[in-house]
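What follows is the residue order along each chain.
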Amino acid sequence: MQPMRFTTETSSNGVVERGFVLGDITGVLWSPESATDRASLVLMGHGGGLHKKTPGLVARAHEAVTSWGFIVVAIDAPGHGDRTRTAEDEQARADLQQAVTAGDSERFASVSMRYMHSLAKRAVPDWQATLDAFQNLPEIGTEAPIGYGGGMSLGSAIGVPLTAAEPRITAAVFGGGFFVSEAVMEAARRITVPIQFLLPLDEEHVDRGSILALFDAFASKDKTLLANPGTHRAMRWVGVDKEFLARQLGGTGTSPV
């Protein structure tokens, strides 16, 4: 893996935003303008077909920085954002579009599960390499608590296996909006850290029962399910326990549990 390098830097409303590249990984880091001691690191994932600077993700990142003093990092999933699409990425997108056009829900589900499994297999090592690189930065280091700060659909299809594989993550926020494969269920059974799970009640593609089964599969003793109205493209973050990660990781104005 090549060394990480920062490519851009801007600052506004108390938040410093720095773009970076690490090999073929493209990402962005948000941090407080004023240095803080022992700042916790929060990883954020984006939805399918989106990218690291989707407006909703940027808003949540800014809130995490300004409210709790967190440092937040997001990366483009493979084949998304500024990253090059492989032939597999192009074929999967074409297959998904054909299934939608034909109204073939079974094929849509099958292609989605296969593609999300492939993306997770590629994205988990990307996230681990990113963590390795950021732990070499003096403002983060190896002692900073690390949490997964959520992302609906693809953000959780990647976040669940990442959290299962990565012992450095000590709390996580996930959300629905993706088809649950047996691989994701198996990963959930290995997760014991505190979690918060967001369920959009009006999801038009994914069966609610499969998401509830996934929630049941998590081995965490501390887990909370939050169900709110919302469709696949209008998933609402209302009613979310915004202090969850602050309690688990420690943040400005709070003490670690």
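In what follows, the structure referred to is the one given above.
Predicted, not measured: the structure shown is a model, and the values here were computed from it.

Caption draft 1: A look at helix α3 (residues 105-134). For α3, built from 30 residues, the straight-helix expectation of 44 Å at 1.5 Å per residue is met to within 8% by its first-to-last C-alpha distance of 41 Å. Between the side-chain oxygen at the start of α3 and the backbone nitrogen of E106 there is a gap of 3.4 Å, and the oxygen is on D104.

Caption draft 2: Seen up close, the packing of aromatic side chains. Per the counting criterion, the structure on display carries 7 aromatic pairs. Considering the side-chain rings of Y148 and F174, the 6.1 Å spacing of their centres and the 40° angle between planes classify their relative orientation as tilted. Placement of the pair is Y148 in strand β6 (residues 146-148) and F174 in strand β7 (residues 169-175), with a sequence separation of 26 residues. In this pair, the class of Y148 matches that of F174, namely buried.

Caption draft 3: Summary view of helix α4 (residues 154-165). Spanning 12 residues, α4 covers 17 Å between terminal C-alpha atoms, matching the ideal 16 Å at 1.5 Å per step. Of the residues making up α4, those classed as buried are L154, G155, S156, A157, I158, G159, V160, P161, L162, T163 and A164. Looking at the buried side of α4, the elements it contacts are β4 (41-44), α3, β6, β7 and α5 (182-188).

Caption draft 4: Spotlight on the nonpolar core. L43, F174, L214 and F218 are the most contacted members of the largest nonpolar core, which has 61 residues in total. Of all the elements, α3 adds the most residues to this core, at 14 residues.

Caption draft 5: Focus on the sheet that holds β4. Taken in spatial order, the 9 strands make up an open sheet running β1-β2-β3-β5-β4-β6-β7-β8-β9, and their pairing is mixed. If you trace the sheet from one side to the other, it starts and ends with β1 (4-12) and β9 (223-228), each paired once. Strand-to-strand twist of the sheet, defined as the mean angle between neighbouring strand axes without regard to direction, takes the value 20°. Judged from the 2 bridges that link them, β6 and β7 form a sheet pairing that is parallel. Note on β7: the bridge partner recorded for I146 is I169. Sheet strands in contact with helix α1 (residues 55-68) are β1, β2 (15-22), β3 (25-32), β4 and β5 (71-75), and its direction is about 35° off that of β3.

Caption draft 6: Representation of the pattern of salt bridges. This structure, assessed with the given rule, holds 13 salt bridges. In this structure, D126 engages R83 in a salt bridge whose closest nitrogen and oxygen atoms are separated by 2.8 Å. Highlighted residues: D126 in helix α3 and R83 in the loop between β5 and α2 (87-102), separated in sequence by 43 residues. Here D126 and R83 have matching classes, each one buried. One salt bridge in this structure joins E182 and R189, with 2.9 Å as the shortest N-O distance.

Caption draft 7: Representation of the packing of α2 against α3. Between α2 and α3, the shortest axis-to-axis distance is 9 Å and the interhelical angle comes to 155°. The orientation of α2 with respect to α3, classified from their angle, is roughly antiparallel. Handedness of the α2/α3 crossing: left-handed. Two secondary-structure elements touch here, α2 through E88, D89, A92, R93, D95, L96, Q98, A99 and V100 and α3 through R107, F108, V111, S112, R114, Y115, S118, L119 and R122. In terms of residue class, the contact of α2 with α3 is built from 8 nonpolar, 3 polar and 7 charged.

Caption draft 8: Here's a closer look at the packing of α3 against α4. Following both chains from N to C, one finds α3 and α4 inclined at 55°, their axes separated by 9 Å at the closest point. Put simply, α3 runs oblique to α4. Note on packing geometry: the crossing formed by α3 with α4 is right-handed. Touching M116, L119, A120, A123, V124, W127 and Q128 of α3 are L154, A157, I158, P161, L162 and A165, all from α4.

What counts and what doesn't
- Residues numbered from 1 in each chain as written.
- Predicted model: local features only at pLDDT ≥ 70, side-chain atom pairs only at ≥ 80, totals over all residues.
- Heavy atoms only, no water.
- Helix = DSSP H or I, 4+ residues; strand = E, 2+ residues; numbered from the N terminus.
- Expected span 1.5 Å × (residues − 1).
- Polar contact = N/O pair within 3.5 Å; in protein donor to acceptor, adjacent residues only side chain to side chain.
- Phe/Tyr/Trp six-rings, centres within 6.5 Å; stacked < 30°, edge-to-face > 60°.
- Buried < 20%, exposed > 50% of the residue type's maximum accessible area, 1.4 Å probe, protein only.
- Contact = heavy atoms within 4.5 Å.
- Core = buried A, V, L, I, M, F, W, Y, C linked by side-chain atoms within 4.5 Å.
- Pairing = 2+ DSSP bridges.
- Axes fitted to C-alpha atoms, helices over the stretch in contact; angles between N-to-C directions.
- Salt bridge = Lys/Arg side-chain N within 4 Å of Asp/Glu carboxyl O.
- Parallel < 35°, antiparallel > 145°, perpendicular 65-115°, else oblique.
- Left-handed = near helix turned anticlockwise from the far one by under 90°.
- Nonpolar A, V, L, I, M, F, W, Y, C, P; charged D, E, K, R; others polar.

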